[in-house]
Amino acid sequence: MGWILAAAAAGLLLGPLLRAQVFTHTVPAGAPWRHTCPHCEARLNSVFLPPAGRCPKCHARIGPPPALVEVVAAAALAVVAWRVREPLPVLAVAWATLFGVV
């Protein structure tokens, strides 16, 4: 049970980084990655998006809704920790799962 809770906590902690990756990389095929607000063109930090999920300049919604990616990552990692028992395979499957979340 401890591994499952630790994995869920890791998903919550890694969520902001994953949310930024979702925003940056979800563009049409062939388009460059996003680094600015799609509404006002303000430059955004490509590592972490604002926690509110809104542009700091124009306050328009950017990226996925707040806490969605964190909750999905926490649930996915908890399932991985529950299903895979060995430590090394857990890390490998968790790594692949986080790419799946993005």
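As a starting point, this report considers the structure included with it. (Residues numbered from 1 in each chain as written. Predicted model: local features only at pLDDT ≥ 70, side-chain atom pairs only at ≥ 80, totals over all residues. Heavy atoms only, no water.)

## Describing the packing of helix α2 (residues 68-83) against helix α3 (residues 87-101)
At their nearest, the axes of α2 and α3 sit 10 Å apart, and the two run at 150° to each other. When the axis of α2 is compared with that of α3, the two are roughly antiparallel. In terms of crossing hand, the pair formed by α2 and α3 is right-handed. On the side of α2, the interface is formed by Val69, Val72, Ala73, Ala76, Leu77 and Val80, while α3 contributes Val90, Val93, Ala94, Thr97, Leu98 and Val101. Of the residues assigned to the contact of α2 with α3, the class counts are 11 nonpolar, one polar and no charged. (Axes fitted to C-alpha atoms, helices over the stretch in contact; angles between N-to-C directions. Helix = DSSP H or I, 4+ residues; strand = E, 2+ residues; numbered from the N terminus. Parallel < 35°, antiparallel > 145°, perpendicular 65-115°, else oblique. Left-handed = near helix turned anticlockwise from the far one by under 90°. Contact = heavy atoms within 4.5 Å. Nonpolar A, V, L, I, M, F, W, Y, C, P; charged D, E, K, R; others polar.)

## Section: the environment of arginine 54
By the secondary structure assignment, arginine 54 is in the loop between α1 (2-25) and α2. In this structure the C-alpha to C-alpha distance between arginine 54 and proline 65, which are 11 residues apart in sequence, comes to 9.1 Å. Not counting chain neighbours up to four residues away, the residues in contact with arginine 54 comprise His59, Ala60, Arg61 and Ile62. At a separation of 3.2 Å, a polar atom in the side chain of arginine 54 contacts the main-chain carbonyl oxygen of histidine 59. (Polar contact = N/O pair within 3.5 Å; in protein donor to acceptor, adjacent residues only side chain to side chain.)

## Observations concerning the nonpolar core
In this structure, Ala7, Leu18, Val22, Val69, Ala73, Leu77, Val80, Ala81, Ala94, Leu98 and Val101 together form the largest nonpolar core, which totals 11 residues. Listing elements by their share of this core, those giving two or more residues are α1, α2 and α3. For this core, the leading source of residues is α2, giving five residues. Ala20, Ala42, Leu49 and Ile62 belong to the second-largest nonpolar core, a separate cluster that totals eight residues. (Core = buried A, V, L, I, M, F, W, Y, C linked by side-chain atoms within 4.5 Å. Buried < 20%, exposed > 50% of the residue type's maximum accessible area, 1.4 Å probe, protein only.)

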